[in-house]
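This is what each chain is made of:
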Amino acid sequence: MTIAMTIWKKICSCLVSFLTSFFHLITFATGVKVFVDVRSKHANHSTAVSEELRKLGAIVLDKLLPTVTHIIFKDGSKTTEAKANKYGAHIVNVSWVDR
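Within each chain, residues carry numbers counting from 1 in the order of the written sequence. The predicted nature of this model means local features are confined to residues of pLDDT at least 70 and side-chain atom pairs, given and counted, to a pLDDT of 80 or more, with totals for whole chains, interfaces and linings taken over all residues. Each side-chain value is worked out from all heavy atoms of the structure, with water and hydrogens disregarded.

A.B. asks: Break down the pairing of strand E3 (residues 70-74) for me, with residues and values.
C.D. replies: Exposure classes here rest on a 1.4 Å probe applied to the protein chains alone. A residue is buried below 20% of its type maximum, exposed above 50%, and partly exposed in between. Put simply, DSSP H or I for four residues or longer makes a helix, DSSP E for two residues or longer makes a strand, and each gets a number counted from the N terminus. Of all the five residues making up E3, four are buried; the element is thus mostly covered by neighbouring parts of the structure. Bridge analysis of strand E1 (residues 33-38) against E3 gives five bridges, and the strand direction is parallel. Residue Phe35 lies in a different strand from E3, and its bridge partner there is Ile71. Any two strands with at least two DSSP-identified bridges between them are counted as paired. Examined bridge by bridge, E3 and strand E4 (residues 90-92) share three bridges and lie parallel to one another. Paired with Ile71 across the bridge in E4 is Ile91.

See the structure below:
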């Protein structure tokens, strides 16, 4: 691989990373209000995921309210799932947060 090709690959990689971050910011800037209920067998990861979403510019709700648009959900409460359906919120996997 030539030096020019190596540089071009690096530029493309940086551009993809920038555009992905920009897309997330645009997405969150358009009124997305998120509630997070992400758990594993032994831990609640909701706080860590919420912090990452806030860094991306999301409005993260501390309580599940009717104004929620998306719920980041993994092994969470059945009550959360029921309220999401009641409010018409999109239930998405935690991988939705990661590019």
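Here the narrative resumes, following the displayed structure.
A.B. asks: Help me get a handle on the side chain of Asp37, residues and values and all.
C.D. replies: One can find Asp37 in strand E1. In this structure Asp37 comes out as buried when scored by relative accessible area, which is 2%. We define a polar contact as two N or O atoms separated by no more than 3.5 Å, with the added condition that, inside protein, one atom must be a possible hydrogen donor and the other a possible acceptor, whereas residues neighbouring each other in sequence contribute only through side-chain atom pairs. Engagement of the side chain of Asp37 in a polar contact is seen with the side chain of Arg39, the distance being 2.7 Å. Working rule for contacts: check all heavy atoms of both residues, and any pair within 4.5 Å makes them a contact. When near neighbours in sequence (up to four residues on either side) are disregarded, Asp37 contacts Ser46, Ile72, Phe73, Lys74, Gly76, Ser77 and Thr80.

A.B. asks: Summarise the pairing of E1; cite the residues concerned and give the values.
C.D. replies: In terms of burial, E1 is largely enclosed, as five of its six residues are buried. Place the viewer so that the strands point away; then a crossover is right-handed whenever the path from the first strand over the helix to the second strand goes clockwise. With helix H2 (residues 46-55) bridging E1 and its parallel neighbour strand E2 (residues 59-60), the resulting β-α-β unit is right-handed.

Structural measurements only, silent on function.
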